[in-house]
Amino acid sequence: MSLLKLGIPKGSLQDATLDLFARAGWKITLSSRSYVPSIDDREIECLMVRAQEMARYVESGTLDAGITGHDWVVETEADVEELSELVYAKQRLVRVRWVLAAPEDSLIRGPRDLEGKVIATEVVQITQNYLAKHGVKARVEFSWGATEVKVPQLADAIVGRKPDPHAAGRHCRGKQGRLATQRAPRRFAGSPRRASGAQKADDFPIE
């Protein structure tokens, strides 16, 4: 019997995803050191994978399906079909947006003010697409974490997730709302081909 190889997001969404499956009737059990959790369904094999990497593993055929954010499908430019929308986040049922933010005392008031600036973010491709749409040239640097503390010493602005208690804190304020994507809803990304109605990075609205 051929097993369905299913990617479960490891990290901040892990517990919420396991709870989602539990409410749907599946029990997934984790071992503290294993990336291969058990599930009470003999036709499914689960693998723990970071949400950021999920879409490319589905694209390559290593996984048959996986749960990840639509933003990571766009960011990796993975050629996958998005099968279902699952609106949930780490702690609550909410859509999480990517926003452009700058320090309170910054002169940055909109995308045009980013010309020649340095922007720190996890989503380099999405940010570059956003800048290109506005005809702006800036240096976009990948941030490994704690992005919000990099302004103003290491970056002029950031692109981070909202709601996020850190990004919304004293370091910076939101500018221009949603940048290119929403991290939630989570989506089942199955079969290595793009759905005919899938959005492209430059199709996203900007608030």
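Up top is the structure these notes are about.
Cut-off values and rules
Residues numbered from 1 in each chain as written. Predicted model: local features only at pLDDT ≥ 70, side-chain atom pairs only at ≥ 80, totals over all residues. Heavy atoms only, no water. Helix = DSSP H or I, 4+ residues; strand = E, 2+ residues; numbered from the N terminus. Buried < 20%, exposed > 50% of the residue type's maximum accessible area, 1.4 Å probe, protein only. Phe/Tyr/Trp six-rings, centres within 6.5 Å; stacked < 30°, edge-to-face > 60°. Lys NZ or Arg CZ within 6 Å of the ring centre and 35° of its normal. Core = buried A, V, L, I, M, F, W, Y, C linked by side-chain atoms within 4.5 Å. Contact = heavy atoms within 4.5 Å.

### What about the environment of I28?
Within the secondary structure layout, I28 lies in strand β2 (residues 28-29). Residue I28 is classed as buried on the basis of its relative accessible area, which comes to 10%. When the C-alpha atoms of I28 and T17 are compared, they prove to be 9.7 Å apart, with 11 residues separating the residues in sequence.

### Details of the environment of W144
Residue position: W144 is located in the loop between β9 (139-142) and β10 (157-162). With relative accessibility at 80%, the residue W144 sits in the exposed group. Placed 23 residues apart in sequence, W144 and T121 show a C-alpha to C-alpha distance of 8.1 Å.

### Observations regarding the packing of aromatic side chains
Under the defined criterion, the tally for this structure stands at three aromatic pairs. With a centroid separation of 6.0 Å and 85° between ring planes, the pair formed by W72 and W98 is classed as edge-to-face. Here W72, found in helix α3 (residues 70-76), pairs with W98, found in strand β7 (residues 97-102); they are 26 residues apart in sequence, far enough to count as distant. Neither W72 nor W98 differs from the other in exposure class; each is buried. A cation over an aromatic ring shows up here: K10 above the ring of Y35, its NZ or CZ 5.0 Å from the ring centre. The aromatic ring of Y57 is capped on one face by R56, whose charged end is 5.0 Å from the ring centroid.

### Re the nonpolar core
Inside soluble globular proteins, nonpolar side chains tend to come together where they are buried. L100, L114, V123, L131, A157 and V159 are the most contacted members of the largest nonpolar core, which totals 18 residues. Elements with a minimum of two residues in this core: α3, β7, α4 (124-133) and β10. The element best represented in this core is α4, accounting for four residues. Not counting the four nearest positions on each side in its chain, V123 is found in contact with W72, E75, W98 and V159.

What is shown is where atoms sit, not what they do.
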